Structures are given as C-alpha cells and as structure tokens.
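Listed here are the chains, written in short residue letters.
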Amino acid sequence: MLATKLNVAFYGHVRQYHNIRAEIDAGIQEVLESGQYVMGPMLQRFEKELADFHGTKYAIGVGNGTDALWLTFKSLGIGRGDECITTTNTFFATAEAIWIAGATVVFVDSDARTNCIDPGKIEAAITANTKAIVPVHLYGQCADMKAIRKIADKHHLLVIEDNAQAIGAHGDGFRVAELSDAVTLSFIAHKNLGTFGDGGAIVTKDPQIDRMVRRLRNHGSDKRSCHSPGYNSRLDDLHASVLSAKLKHIEEWTELRRRWASRYNVGLASASNITLPYEAPGYRHVYHLYVIETKRPEHRDALLQFLNEEGIDAKCHYPIAIHQQEGFPWAHEARIVGTITNSERNAACCISLPMFPELTEEEVDYTVDRILEWDRRAQ
Ligand SMILES: *Cc1c(COP(=O)(O)O)cnc(C)c1O
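Remember, it's a predicted structure, so these values are computed and weren't measured experimentally.

So, how was this worked out
- Residues numbered from 1 in each chain as written.
- Predicted model: local features only at pLDDT ≥ 70, side-chain atom pairs only at ≥ 80, totals over all residues.
- Heavy atoms only, no water.
- Pairing = 2+ DSSP bridges.
- Helix = DSSP H or I, 4+ residues; strand = E, 2+ residues; numbered from the N terminus.
- Salt bridge = Lys/Arg side-chain N within 4 Å of Asp/Glu carboxyl O.
- Buried < 20%, exposed > 50% of the residue type's maximum accessible area, 1.4 Å probe, protein only.

Chemist: Can you explain the sheet that holds strand S11 (residues 350-353)? Please cite residues and give values.
Modeler: One open sheet holds the three strands; their spatial order is S8-S9-S11, and the pairing between them is antiparallel. Of all the strands in the sheet, just strand S8 (274-275) and S11 have a single pairing partner and so form its edges.

This is how it looks when you write it as structure tokens:
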C-alpha cells in the first residue's frame, strides 16, 4: 500500500501551459502585435490546420461547441417541425442546440458497452419528420458510424457528428468526418484540444455548409455591409493562436492519455465491484474521460465520496441524463423512443477518474491503489 496521501487534480491546464509556454506566448504576442484580433490571419491559419488534421476541405471557427452544433443545423435548414435523433447520456448542449435550431429532439438508448448511440435503436425512431442523426463520440470513442451511415442513406437523413470529446479518435476502418455531413468541435478549456476560454468549430467536406456557416457566424454576411439574418459567433484570433500551438501536440497528448488509460486498466483489472471502460476492437479511444462504472448503483456515491476524501478529484459525467433533468418531458420539444435503460445505468453508475496528459505515474498509481482499497472493503 502507498503511504502518503496525494492530491490528484481532475485537469492539468496549468501544467500543460507551463510545458509549452514559449509556443503559447509567442502565438499570443504575434496576434497582439498584428492588430488583427477578429477574423484575422491567425483564425485563417488555424482553420486550415484543423481542416488538414481531419482530411477535409473546410473548417470554420465559431464561438463554442454549442454554436457549432446549432449553426450547422441551421445551415442545413433544420428547424421547426423537424426531428433529430440523439442520446440522453451526453452533455446537455447536444440536445440544447437542437432546441435552439427549433427542432424536436428524439432520444434513443445508448450501447451498453460504448455508451454511444445504439444504431439498432435508431430506425424505430425515424418518422416522416426526421431530418438528422446526431451521434456523440462520448468520452473520446467514436459511435458506430458505419452502421449509422447505412441507416442515414436508407432513409435520406443527414448525419452531424458531435465530436466535442473525441478529436484524434477513429473507428474500425473509418475516420471522424468521413461518414457524416459535418463534424462539430468544442475548444472549451477542459476539452482535449482546449483554449484559455471558449471556442468551437465545424469541419466539413460540403462547400454549401461551409458557405452557410461562414455567413451565419458573422451576422449573415460574407460581403462587407451585405447581411441576411444570422448571428455573432466567431473564434477570436487569440484563441486561434493558442489552438494552433496546441494542435501540434494533440497526437503526443492523445498517446499519453491512452498510456494512462492502459495503466488504469492494468492496475484496476482485479477490482470486482467496478467495470472498466470498453474500447471497441479497431477503434482509437482518445480518453477525453476515463469513465468506470460501479456494478451496483448504490456503490457509486460511496466510491466517489471515498476518492474525494482521499484527495482524488474524481467526478461524474453525467449523473443526470437529459431525460432525467427536472421538468422533463418538455412538451413537443422532446420524445423518447424505446427504453433508455443503458443510458440510465450509465448515469447512475459512472465515475470519471483524473485523466489528462500531464498526469504522473505516482498520481495514477495512487488513484488505482485507493480504488483497490475501496474495492476490498466493498466485497
Ligand atoms: C463540451 C460539449 C459540447 C458543448 O461545447 P461548448 O463549447 O461548451 O458549447 C457539446 N457536446 C458535447 C458532447 C460536449 O462534451
């Protein structure tokens, strides 16, 4: 048993900044000296780098990941009377963005092991009003995009990937952005690619979406003084400079996340009261979050409290699924098709362990040790 108590943080933002301080500071300095702070050359540079990273033609920087979603829906004409199919065990913004666009959210259950949308549940939810499927690559692992694409083709539906959590992930024989109409990203500070504040982007191979989103994010304007109704949601050049510097490190950081995940996997293999995250064969999970589940729901809060008391800042993503939020169902705005038992189990049993590239072996081993200690007592 390890003797000393450690404090293990959930995020490593400041460690990360210190590791690449010279690159970050140089980029910020460059923007400050250029005098071009909004829609300037740094934004253009980052958009090009982000499109190249995804192997697509277009990337458009916007204010945040929620705007990225609803501006994409709007650009595709999704609005009142339309339905979008997604899951309830995601960050609230996925559903919120569908509502902002004016459409109805239709929830189906997630897969028991990956916690991403279960493609087998989608067809039962399709009606004449269905416009799009919005899979979420939850915790850093892609949904089964091949199966989703097949269903979308059969029923002439759009597919928008909510990729706020999985930059750098791929599936078994497919890349993010390959099998969808558009991909949305969030760059809020705690995402795998995060800025010092808020940011977001849309990545697409469709020139129509690119043109429409570019207008919508900038007051419906693509020519000076000419407007149609739009919005103001731009990615500042300062954030673009930070993201450009960080994008160069994303592969190395992803490998570190995967290394910590496998260290957790090995260390926790003998724990009998928890289930470890499932990585589907051929998939590259990028571990935005490393989420374990207690086998019994009544164990969850006990383990979480134990870890917090031991100095480990473990959390829950997400303890209240969207359909369990107060006041649900919101009349005419959301519908559930089938049972949601997998998402409900996930919400009741999930615990996110500290996961960021700058963790240390000592911190991971201490966390493992404390969980094993709890596990022995929980028998
Ligand atoms: C973070 C997140 C969003 C929203 O991103 P913001 O930048 O916070 O608006 C949307 N969907 C998912 C799955 C997320 O994790």
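Chemist: Describe in detail the pattern of salt bridges, supporting the description with residues and values.
Modeler: Taken as a whole, this structure holds 28 salt bridges when the rule is applied. Taking the shortest distance from any N to any O, the salt bridge between Arg149 and Asp181 comes out at 3.9 Å. Of the two residues, Arg149 is situated in helix H6 (residues 145-155) and Asp181 in the loop between strand S5 (158-162) and strand S6 (182-186); the sequence distance between them amounts to 32 residues. Here Arg214 makes a salt bridge to Asp210, at a shortest N to O gap of 3.0 Å. With Arg214 and Asp210 both in helix H7 (residues 207-216) and four residues apart, this pair spans about one turn of that helix. What makes Arg214 partly exposed here is its relative accessible area of 25%. Judged by relative accessible area, which is 10%, Asp210 ranks as buried.

Chemist: Describe the pairing of strand S9 (residues 290-294), with residues and values.
Modeler: Burial of S9 is extensive: five of the five residues sit out of reach of the surface. Neither face of S9 is exposed, since Tyr290, Ile292 and Thr294 on one face and Val291 and Glu293 on the opposite face are all buried. Sheet topology places S8 next to S9; two bridges connect them, and they run antiparallel. Residue pairing in the sheet places Thr275 in a bridge with Glu293 of S9. Bridge count for S9 against S11 is four bridges, and the pairing is antiparallel.

Purely spatial values, then, with no claim about function.
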